Amino acid sequence: MDFRESGSRLSRTPKMAEAGSFADRVKQQADIVRVIGEYVRLKKSGQNFTGLCPFHGEKTPSFAVHPVKQIFHCFGCGKGGDVFTFVMEMEKCPFPEAVRVVAEKCGIAVPTPKERTPEERKENQQRAALIEMHREAQSFFVKQLEMTAEGRAARAYLEDRGLDAEAIARFGIGYAPAGGDVLLRFFKGKYAEKLLGESGLISRDQSGRLFDRFRRRITFPIANESGKIVAFGCRALGDDQPKYLNSPETPIYSKSNVLYHMDRAKEGIRRSDFAILVEGYMDAIAVARAGISNVVASCGTSLAEPQIKLLGRFTKRVIVNYDPDAAGQAATERSISLLLENDFEVKVLALPAIGDQKADPDLYIREKGAEAYIKALRESPPYVDYLIGRARQMDLTSGEGKLRAVNFLLPYVQKIPNRILRSEWATRISQQLRVDEPVLRAALTKAAAERRSEVKTRPELVGKPAKPIERRLIRMLVEAEGFRQELAKRLQESALYHGLETEKIFGALVVAGLSGQALQATEIGASLPERERRMFFEILFEEAHEGTWEEAESCLEALREKQVERELAQVQREIESNPTGEAMRGLLARKQELLKKRAAG
Ligand SMILES: [Zn+2]
């Protein structure tokens, strides 16, 4: 972001939390470490918390969060700000939305804003109504399973799949009856036809007549990350086609944004720092029932980028356990690519067949038990070995076949950011596929060169680091509640900071200090040009002791001496350029004055 265009030094951009505003209140109550901790794994390090920057690819942490000042800063890519800036960058959302997100995360009730556009208000009402409709549909489906003759048949099917009453209750499994308009009649009179049509629960035929979308199906509620039911996944009871039918995209549900079971898995994922990714809800339920809570399902074979981003907020390590059929294998390979691009550490669990049956997690756990599954999970190999295994299934007897196998592996190698890892790969591939190593390495080097480059620090933004005295004064201007105003006054009167590398930072701090109001570091940061903001944040993150007025005075004195030195050097240069009589006289007089000043200091 570029703030260079901003007018006055302390001009308040709309990003600021106005004092006394709701945003300000949220900021006071929100703990930046906790909020960022939901997106980034943070470790305590000195007075700060550090982690891997979510905004640029990196292997060693240069991302820091300051719990006292409630700011974050990345020493690699230079991104930084307060809790709202972070959420705005992370969620790619505007300021008001970021305030809402942070408020919700911290359990602060969000007031209904007065100045909504009529469209926004309508949209919100519609979303609220659709969520309520799904809540009602959920209890309707559950009752159908419990109370009706049809539901009994469905229960028998579930029991046959090993799902007892406890599991049915735990996962909210229900039943959509065969009638065709049972749910529709349940909703009639409560909701407008238009809204029913938009819910995804009710469909419309060609003549415009409404009917139940889900009929004679087991229903699995699909919740969003915060646990609100936004869709249903439904499995046919008999041989009806399609076997699985899910909710369509609606105003509250987008398939690519939701992972099944995420609302219940997130705590476990964060705790264990890995997630198990399975294909369907039956698999997720089976794994969760085996006592492994950190499992999510992509609901369908194609894992989407937003789903990976969602997962990445809780962990960067995944074990992919898709179905072993061809579709599942293709999905596994695609997922590996996507996950690697997003810097995940990936393992793959390919379950061995049971008899002549290919085993998905559900079947495997039912047949072999939870213990066997957990053991298989523990032993699941890194994706590298999985992929080499896949390549070895190809015909490797001819040169052409080997080339095909290498070409199959290359795109994955291209995505490995680490040179040493890439090299290890090369050795392994050449051994396993019996390919000549130099030939393979040449291909790998070429592939690696084509790989999208990592975010580089922009050199033009990294200026000379500020001098120690300037850094101390800046820290005191931020932190010294007791004498900030006095210090600002002295700096203002003496203009001692003029001409320094840090002039703009001092300028902003002096204005803020003179105002006598509480100082917001982020606000100051936001008012500075990018280069200065980075410098400022870096100074704020340094370990430092508390300043005293005595120290401030001696820093001012040191600055004064430096200023005299600078001016002396300047005057000397001008004298040496041998100007005409009168100018020379003026310069010599000025030199005398400065020398006297220096001696007095
Ligand atoms: Zn960064």
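Before reading further, recall that the structure is shown in the block above.
Residues numbered from 1 in each chain as written. Predicted model: local features only at pLDDT ≥ 70, side-chain atom pairs only at ≥ 80, totals over all residues. Heavy atoms only, no water.

1. Topic: the coordination of the zinc ion
What counts is decided by this rule: Donor atoms are limited to N, O and S found within 2.8 Å of the metal ion, a distance that becomes 3.2 Å for Na, K and Ca. With water left out, some sites might look partial. Under this scheme a four-donor centre is tetrahedral when all angles range from 85 to 135 degrees, a four-donor centre is square planar and a six-donor centre octahedral when opposite donors are above 155 degrees with the rest from 65 to 115, and any other centre is irregular. Strands here are runs of E lasting at least two residues and helices are runs of H or I lasting at least four, both read from the DSSP assignment and numbered beginning at the N terminus. With a 1.4 Å probe rolled over the protein chains alone, any residue whose accessible area is under 20% of its type maximum counts as buried; one over 50% counts as exposed, and the rest are partly exposed.
All of the protein donors around the zinc ion are Cys53 (SG), His56 (ND1), Cys74 (SG) and Cys77 (SG); their distances to the metal are 2.1 to 2.3 Å. Because the angles between the four donor atoms bound to the zinc ion fall within 100 to 118°, the donor set is best described as tetrahedral. All donors to the zinc ion come from one chain, and their sequence spacing reads C-x2-H-x17-C-x2-C. With cysteine 53 in the loop between β2 (48–51) and β3 (63–66) and cysteine 74 in strand β4 (residues 71–74), the pair connects residues that are 21 residues apart, well separated along the chain. By relative accessible area, cysteine 74 is classed as buried at 0%.

2. As for the side chain of arginine 313
What counts here: What makes two residues a contact is simply this: any of their non-hydrogen atoms within 4.5 Å.
Mapped onto the fold, arginine 313 is located in the loop between α12 (305–312) and β14 (317–320). With residues up to four places along the chain from it excluded, the contact list for arginine 313 reads Glu38, Tyr39, Val40, Glu91, Lys105 and Glu225.

3. Points about the nonpolar core
One recurring pattern in soluble globular proteins: nonpolar side chains tend to sit buried together. Selection criterion: Nine residue types can take part in a nonpolar core, namely buried Ala, Val, Leu, Ile, Met, Phe, Trp, Tyr and Cys, and a core is a set of them joined through side-chain atoms within 4.5 Å.
Counting residues in each nonpolar core, the largest one holds 65 residues, and the members touching the most others are Ile173, Phe187, Leu201, Tyr260 and Tyr373. If we ignore the near neighbours within four places in the chain, the residues touching tyrosine 260 are Phe171, Pro221, Ile222, Tyr281, Ala284, Ile285, Val295, Val296, Ala297 and Cys299.

4. A closer look at α12
Within α12, the full set of buried residues consists of Gln307, Ile308, Leu310, Leu311 and Gly312. Buried positions along α12 lie against α10 (262–272), β12 (275–278), β13 (295–297), β14 and α13 (326–341).

5. Remarks on the packing of helix α5 (residues 118–147) against helix α6 (residues 149–160)
Rules: Structural elements are reduced to axes, namely lines fitted to C-alpha atoms, with helices fitted over the stretch in contact, and the angle between N-to-C directions of any two is expressed from 0 to 180 degrees. To sort the angles, those under 35 degrees are grouped as roughly parallel, those over 145 as roughly antiparallel, those from 65 to 115 as roughly perpendicular, and the leftovers as oblique. Only Asp, Glu, Lys and Arg are considered charged in this grouping, and only Ala, Val, Leu, Ile, Met, Phe, Trp, Tyr, Cys and Pro are considered nonpolar; every other residue, Gly among them, is considered polar.
Packing of α5 against α6 leaves a shortest axis separation of 5 Å and a crossing angle of 85°. When the interaxial angle is binned, α5 and α6 end up roughly perpendicular. Here Gln144, Leu145, Glu146 and Met147 of α5 come into contact with α6, specifically with Ala149, Gly151, Arg152, Ala154, Arg155 and Leu158. Among the residues forming the contact of α5 with α6, the class breakdown is five nonpolar, two polar and three charged.

6. Some remarks on helix α26 (residues 581–600)
Convention followed: Helices are assigned an expected span. That span is 1.5 Å times one less than the residue count.
Along its 20 residues, α26 runs 29 Å from first to last C-alpha, staying within 8% of the 28 Å computed at 1.5 Å per residue. Residues of α26 that are buried in the fold lie against α25 (549–576).

7. Let's talk about the pairing of β3
The condition is simple: Any two strands are treated as partners once DSSP identifies two or more bridges connecting them.
Of the two faces of β3, the one carrying Phe63 and Val65 and the one carrying Ala64 and His66 are both buried. Sheet topology places β2 next to β3; three bridges connect them, and they run antiparallel. Bridging across to β3, glycine 51 finds its partner in phenylalanine 63. Relative to β4, β3 runs antiparallel, the two being bridged by four bridges. By the bridge assignment, phenylalanine 63 is partnered in β4 with cysteine 74.

8. Quick look at the packing of aromatic side chains
Convention followed: The pairing test for Phe, Tyr and Trp rings, Trp by its six-membered ring, is centres within 6.5 Å, and the orientation test on the planes gives stacked under 30 degrees, edge-to-face over 60, and tilted for anything in between. Criterion for a charge above a ring: Lys NZ or Arg CZ within 6 Å of the ring centre, and within 35 degrees of the ring normal.
In total, this model carries 21 aromatic pairs according to the counting rule given. Measuring from ring centre to ring centre gives 5.5 Å for phenylalanine 84 and phenylalanine 95, while their planes differ by 85°; the resulting arrangement is edge-to-face. Of this pair, phenylalanine 84 sits in helix α3 (residues 83–91) while phenylalanine 95 sits in helix α4 (residues 95–105), placing them 11 residues apart in sequence. Judged on exposure class, the residue phenylalanine 84 and its partner phenylalanine 95 are both buried. By the ring-pair criterion, three or more aromatic residues cluster together here, those being Phe140, Phe141, Phe186, Phe187, Tyr191 and Phe232. The residue whose ring lies beneath lysine 190 is phenylalanine 186, and the NZ or CZ to ring-centre distance is 4.6 Å. If you follow arginine 533 out to its NZ or CZ, it ends over the ring of phenylalanine 537, 5.1 Å from the centre.

9. Overview of the sheet that holds strand β10 (residues 229–236)
The sheet built from four strands is open, its strands ordered β6-β9-β10-β11 with antiparallel pairing. Edge positions in the sheet fall to β6 (174–176) and β11 (244–246), since each of these pairs with one other strand and no more. Strand after strand, the sheet turns through a mean of 35° between neighbouring axes, direction not considered. Pairing geometry for β10 and β11, over three bridges, is antiparallel.

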